[in-house]
Amino acid sequence: MVPTKTVARLRAWELATRPVHPQTLAALQERWWQLPEQVRTPAQTLGRHAVGCEGTHGVFPRCDLACTPCYHSRDANRVAIDGAHTRAQVREQMALLRRVRGPRAHAQLIGGEVTLLPAEDHAATLAVMREYGREPMSMTHGDFDYDYLAALAVGPDGARRFGRLSFAGHFDMLMFGRRGIQRPADEASLNPYRKRFTGMFARLRREHGVRHFLAHNMTVTPRNVDQIAQVIRDCRDYGFGMFSFQPAAFVGDERRWHDEYGDTTGDRVWQEIERGAGARLPFRAVAHGDERCNRTVYGFFLGERYVPLLDDEVPADLRVRDRFFRYLGGVNFSGTPVPVLAVKLARVVVRHPSVVATFAGWVARMVRRAGVRALLRHRVRPVTFVMHSFMDAADVAPAWAAMRRGETSTEPRLAATQQRLRACFYAMAHPETGELVPACVQHSVLDPAENVALRKLLPLTPVSRATGVRLGPDA
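Residues numbered from 1 in each chain as written. Predicted model: local features only at pLDDT ≥ 70, side-chain atom pairs only at ≥ 80, totals over all residues. Heavy atoms only, no water.

Caption draft 1: Layout of the overall build of the protein. A tally of helices and strands in the protein yields 15 helices and 13 strands. For 475 residues, the compact-globule estimate of 2.2 N^0.38 gives 23 Å, and the protein sits close to it at 23 Å. The C-alpha extent of the protein, read off along each of the three principal axes, is 70 × 65 × 55 Å. Counting all 475 residues of the protein, 52% fall into the buried class. For the protein, the proportion of contacts with a sequence separation of at least 24, taken over those separated by at least 6, is 75%. Summed over all atoms, the accessible surface of the protein reaches about 22,300 Å², with 55% contributed by carbon and sulfur. (Helix = DSSP H or I, 4+ residues; strand = E, 2+ residues; numbered from the N terminus. Rg over C-alpha atoms; globule rule 2.2 N^0.38 Å. Buried < 20%, exposed > 50% of the residue type's maximum accessible area, 1.4 Å probe, protein only. Contact = heavy atoms within 4.5 Å. Areas by Shrake-Rupley, 256 points an atom, 1.4 Å probe, with all protein chains shown as cover.)

Caption draft 2: Just the pairing of strand β12 (residues 426-430), in detail. Burial of β12 is extensive: five of the five residues sit out of reach of the surface. What you see with β12 is no split at all: Y426, M428 and H430 on one side and A427 and A429 on the other are buried throughout. Across three bridges, the pairing between strand β1 (residues 53-55) and β12 is parallel. Looking at the pairing, C53 lines up with Y426 of β12. Of the pairings in the sheet, the one linking β12 to strand β13 (residues 435-438) comprises four bridges and is antiparallel in character. The residue of β13 that forms the bridge with H430 is E435. Taking the residues that link successive antiparallel strands as the turn, the β12-β13 hairpin has four residues, and the phi of G434 there is positive, at about 80 degrees. (Pairing = 2+ DSSP bridges.)

Caption draft 3: The pattern of salt bridges, seen in detail. For the structure shown, the criterion picks out 31 salt bridges. The salt bridge partner of R280 is D312, with a shortest N-O separation of 3.2 Å. Placement of R280 in the loop between α8 (266-277) and β9 (294-302) and of D312 in the loop between β10 (305-308) and α9 (315-328) is noted, with a sequence separation of 32 residues between them. Judged by its relative accessible area of 37%, R280 falls in the partly exposed class. (Salt bridge = Lys/Arg side-chain N within 4 Å of Asp/Glu carboxyl O.)

Caption draft 4: View of α8. Between the first and last C-alpha of α8 there are 16 Å, a value that for twelve residues agrees with the 16 Å anticipated at 1.5 Å per step. Against the buried residues of α8 lie β7 (211-220), α7 (228-235), β8 (242-247), β9, β10 and β11 (380-388). (Expected span 1.5 Å × (residues − 1).)

Caption draft 5: Quick look at the sheet that holds β9. Judged by pairing direction, the sheet is mixed, and its eleven strands sit side by side in the order β10-β9-β11-β8-β7-β5-β4-β3-β1-β12-β13 without closing on themselves. Looking at strand neighbours, the two that pair on one side only are β10 and β13, the edges of this open sheet. Here the average twist between neighbouring strands, direction ignored, is 30 degrees. Summarising the sheet, β9 and β11 pair through nine bridges and their orientation is antiparallel. Directly across from V297, in β11, lies its bridge partner F385. (Axes fitted to C-alpha atoms, helices over the stretch in contact; angles between N-to-C directions.)

Caption draft 6: Local environment of unusual backbone geometry. Cis rather than trans, the peptide bond between T68 and P69 has omega equal to 5 degrees. One can find P69 in the loop between β2 (66-67) and α3 (83-101).

Caption draft 7: Representation of the environment of S189 within the structure. You can see S189 is positioned in the loop between β6 (175-176) and α6 (191-208). Distance from S189 to M173, taken between C-alpha atoms, is 8.4 Å for residues 16 residues apart in sequence. Looking at S189, its side chain comes within polar contact range of the main-chain oxygen of D186, at 2.6 Å. (Polar contact = N/O pair within 3.5 Å; in protein donor to acceptor, adjacent residues only side chain to side chain.)

Caption draft 8: A look at the nonpolar core. L149, L165, I273 and F385 are the most contacted members of the largest nonpolar core, which totals 59 residues. Apart from residues no more than four positions distant in its own chain, I273 is found in contact with I228, I232, F245, L281, F385, V386 and M387. Core analysis: the second largest hydrophobic core is formed by 19 residues, M139, A168, M391 and L414 among them. (Core = buried A, V, L, I, M, F, W, Y, C linked by side-chain atoms within 4.5 Å.)

Caption draft 9: Structural detail: the packing of helix α13 (residues 393-404) against helix α14 (residues 412-422). Relative to each other, α13 and α14 sit at 75 degrees, their axes nearing to 9 Å. Between α13 and α14, the angle falls in the class roughly perpendicular. Residues D395, V396, P398, A399, W400, A402 and M403 of α13 form the contact with α14, whose own contacting residues are R413, L414, T417, Q418, L421 and R422. (Parallel < 35°, antiparallel > 145°, perpendicular 65-115°, else oblique.)

Caption draft 10: Looking closely at the confidence of the model for the protein. Scored by pLDDT, the protein has a mean of 92; 96% of the residues are at 70 or more. Contacts for the low-pLDDT stretch residues 463-475, under 50 throughout, to residues beyond four places or in other chains number twelve contacts. (pLDDT = per-residue confidence, 0-100.)

Caption draft 11: Representation of the side chain of R321 in the model. Take R321: it is sitting in helix α9. Residue R321 is classed as buried on the basis of its relative accessible area, which comes to 9%. A distance of 3.0 Å separates a polar atom in the side chain of R321 from the backbone oxygen of A285. Side-chain polar atoms of R321 contact the side chain of D322, separated by 2.9 Å. The residues touching R321, leaving out its near neighbours within four places in the chain, are P42, A43, R284, A285 and L310.

Caption draft 12: Just the environment of Y298, in detail. Following the sequence through the fold, Y298 ends up in strand β9. Note: C-alpha distance between Y298 and L25 (273 residues apart in sequence) is 24 Å. Ignoring any residue separated from it by four or fewer positions in sequence, one finds Y298 in contact with H288, Y306, P308, L309, V383 and T384. One polar contact links Y298 to H288, side chain to side chain, over a distance of 3.0 Å.

Caption draft 13: Region of the structure containing the packing of aromatic side chains. For the structure on display, the rule yields 15 aromatic pairs. Ring geometry for F144 versus F167: centroids 6.0 Å apart, planes at 40 degrees, classification tilted. Linking F144 in the loop between β4 (134-140) and α5 (146-153) with F167 in strand β5 (residues 164-170), this pair joins segments that are 23 residues apart in sequence. One exposure class covers both F144 and F167, and it is buried. Taking the centre distance of 5.5 Å and the plane angle of 80 degrees together, the rings of W270 and F283 count as edge-to-face. Note that W270 is positioned in helix α8 and F283 in the loop between α8 and β9, a separation of 13 residues in sequence. Accessibility assignment for this pair places W270 and F283 in one class, buried. Against the face of F176 rests R183, its NZ or CZ located 4.1 Å from the ring centre. (Phe/Tyr/Trp six-rings, centres within 6.5 Å; stacked < 30°, edge-to-face > 60°. Lys NZ or Arg CZ within 6 Å of the ring centre and 35° of its normal.)

Quick look at the structure:
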């Protein structure tokens with residue numbers, strides 16, 4: 001008779017190497033049927049390959065830079081940084097996300113400025129997120145030093161805490177207070193700071209073997225939209241794996257609304273991204289929620305030339321996409337150990353051997369598209385281009401209130417807002433209610449009240465519990 005422990009191990013291995021975990025499959029199916037009908041297209045990743053991205057909230061809203069615009073409410077910078085609070089809140093939020101959305105997802109450690117957390121607390125929080133099967137990305141303005149990064153990645157005993165770190169650095173001329181360049185004159189003046197940011201991670205890998213994935217975030221307004229292309233051209237070799245652009249919306253602290261943001265349309269921003277990439281970016285090959293909210297293209301640079309992985313005008317590419325969703329849609333590629341992933345893929349091939357020919361044909365087309373000579377001459381540098389378009393609080397608040405009442409608006413603008421909220425790719429967890437809410441709702445509707453409460457819970461000036469009197473800075 002086979003020992004009980006051996007049977008348990010075999011069952012665990014079978015589940016771990018199953019192409020799609022049963023909880024993931026259930027979460028994907030649930031998300032698919034929650035989507036508005038108009039976004040349930042062959043290109044849609046939500047409910048077929050991803051449950052969506054996730055983010056934290058109410059953990060560390062404070063930031064030490066000033067941005068115009070800023071999506072934080074006016075009370076955000078009046079909340080003290082507290083590592084224990086952050087860890088506890090993140091644990092509760094990740095537990096709900098794990099329960100509702102399955103064992104694997106990407107999650108952003110986001111609030112104000114993540115590096116205001118002591119490195120030990122930051123590392124402990126990332127460990128909590130991974131404990132719940134999340135692949136975390138720390139969101140930062142990038143104005144920190146290498147010593148902080150090393151302390152985050154390597155423990156006091158000299159042992160690596162992580163094999164890989166993911167960070168998103170936000171750089172744009174609308175951010176004030178960065179060390180060495182308090183008020184940038186233009187985007188180009190920030191390039192040394194962008195390069196310094198990626199250089200710290202390159203050094204971390206050389207010295208400690210910690211790999212990294214880096215994204216570049218940039219808020220776009222009429223003041224810098226025409227500089228997008230040059231930012232991409234200047235920075236494409238710095239080491240960023242993603243360039244993400246966010247047209248500004250009227251959300252957060254209204255004291256920092258200085259431009260007519262509606263003049264910067266998604267089409268205009270995407271046109272500038274394409275100009276910087278030097279290529280048409282076929283974002284309709286793969287959809288992430290509602291096209292009005294997100295546009296994404298995966299591809300790579302060969303020298304100065306950008307090559308998308310899928311072309312939405314090539315039927316053969318679209319057939320590959322469709323077969324990917326059909327046979328590999330629920331497979332988790334990122335964060336899965338290579339040996340486990342290899343077994344998952346082998347199990348798919350055994351059941352559906354035709355996928356080998358399908359993807360071999362796609363690889364052959366990619367080689368022709370890129371050019372054999374170019375592939376031999378240049379290193380392949382994977383880069384993803386993304387645009388996220390947030391919505392104005394004046395639209396989100398009434399649309400969400402109506403949704404909570406079970407009402408579907410007939411007013412065109414609010415109806416469109418409700419459609420986009422239902423198709424949101426980016427959710428935040430509320431353990432106190434068991435809800436997952438769209439990010440636009442979090443920032444437009446929920447953040448202001450949360451930050452008022454956090455001011456009382458975590459005041460910048462300590463309060464004596466015995467007397468209720470505010471203590472001085474030396475108390």
